[in-house]
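# Chains, contacts and geometry: an overview
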Amino acid sequence: MKKTINDKDNDFGDIMILALRYAIGRRTYVTSEVPEFIMQNAEQINERICAVMLRDIDEYLQDRDKGLIKDDECDYQSWTKLAEYLVNLAQEKGYKIYV
């Protein structure tokens, strides 16, 4: 059963960004739950939301490469999978996103 989102303030995409920022770099189940939730609600992702999420994931990847974030391989895979999904979504929708 699909749930209906009541987004009368048009801020659901921002809530997804907040969830991503909360979850990124953590070592818990939330690092797989949040990316899956975002992908399941792709219709809520506009160009701005997509760009912000990709930037945040890129910053995470850079910090991880520098050793500033110590998380598990499964967490890394969740975020890279989401980044790939968002890049594909941006291409499909014709968003001008530079990654």
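Preceding this section is the structure that the text describes.
About the criteria used
- Residues numbered from 1 in each chain as written.
- Predicted model: local features only at pLDDT ≥ 70, side-chain atom pairs only at ≥ 80, totals over all residues.
- Heavy atoms only, no water.
- Helix = DSSP H or I, 4+ residues; strand = E, 2+ residues; numbered from the N terminus.
- Phe/Tyr/Trp six-rings, centres within 6.5 Å; stacked < 30°, edge-to-face > 60°.
- Buried < 20%, exposed > 50% of the residue type's maximum accessible area, 1.4 Å probe, protein only.
- Lys NZ or Arg CZ within 6 Å of the ring centre and 35° of its normal.
- Contact = heavy atoms within 4.5 Å.
- Axes fitted to C-alpha atoms, helices over the stretch in contact; angles between N-to-C directions.
- Parallel < 35°, antiparallel > 145°, perpendicular 65-115°, else oblique.
- Left-handed = near helix turned anticlockwise from the far one by under 90°.
- Nonpolar A, V, L, I, M, F, W, Y, C, P; charged D, E, K, R; others polar.
- Salt bridge = Lys/Arg side-chain N within 4 Å of Asp/Glu carboxyl O.

The next thing to look at is the environment of Ile-38. Position of Ile-38 among the secondary structure elements: in helix 2 (residues 30-40). Considered as a pair, Ile-38 and Leu-86 are 48 residues apart in the sequence and their alpha carbons are 9.5 Å apart.

Another point: the packing of aromatic side chains. Counted under the stated rule, the structure contains two aromatic pairs. Judged by centre distance (6.0 Å) and plane angle (55 degrees), the rings of Phe-12 and Phe-37 are tilted. With a gap of 25 residues between them, Phe-12 in helix 1 (residues 12-23) and Phe-37 in helix 2 connect regions that are remote in the sequence. According to the relative accessible area criterion, Phe-12 is buried, its value standing at 14%. Centroid distance Tyr-60 to Trp-79: 6.5 Å. Interplanar angle 65 degrees. Geometry classified as edge-to-face. Residue Tyr-60 is located in helix 3 (residues 47-65), and its partner Trp-79 is located in helix 4 (residues 73-93); the two are separated by 19 residues in the primary sequence. The exposure class of Tyr-60 is buried, given its relative accessible area of 2%. The ring centre of Tyr-22 lies 3.9 Å from the NZ or CZ of Arg-26, which sits over that ring.

Moving on, we come to the environment of Arg-21. Here Arg-21 is to be found in helix 1. Overall, Arg-21 belongs to the partly exposed group, its relative accessible area being 42%. Setting aside residues up to four positions removed in sequence, Arg-21 forms contacts with Val-52, Arg-55 and Asp-56.

Attention now goes to the packing of helix 2 against helix 4. Where helix 2 meets helix 4, the axes come as close as 9 Å, and the angle between the chain directions of the two elements is 15 degrees. Between helix 2 and helix 4, the angle falls in the class roughly parallel. Judged by the sense of rotation from one axis to the other, the crossing of helix 2 with helix 4 is left-handed. Two secondary-structure elements touch here, helix 2 through Thr-31, Ser-32, Val-34, Pro-35, Glu-36, Ile-38 and Met-39 and helix 4 through Asp-75, Ser-78, Trp-79, Lys-81, Leu-82 and Tyr-85. Its residues assigned to classes, the contact of helix 2 with helix 4 comprises seven nonpolar, three polar and three charged.

Next up on the list: the pattern of salt bridges. Evaluation of the coordinates by the stated rule reveals seven salt bridges. For Arg-48, the salt bridge goes to Asp-14, with nearest N and O atoms at 2.9 Å. Pair noted here: Arg-48 is in helix 3 and Asp-14 is in helix 1, with a separation of 34 residues, a long-range link. Overall, the relative accessible area of 45% leaves Arg-48 in the partly exposed class. Looking at Asp-14, the relative accessible area reads 29%, which means it is partly exposed. Residues Asp-56 and Arg-21 are paired through a salt bridge, measuring 2.6 Å at the closest nitrogen-oxygen approach.

Keep in mind these numbers describe shape, not what the thing actually does.
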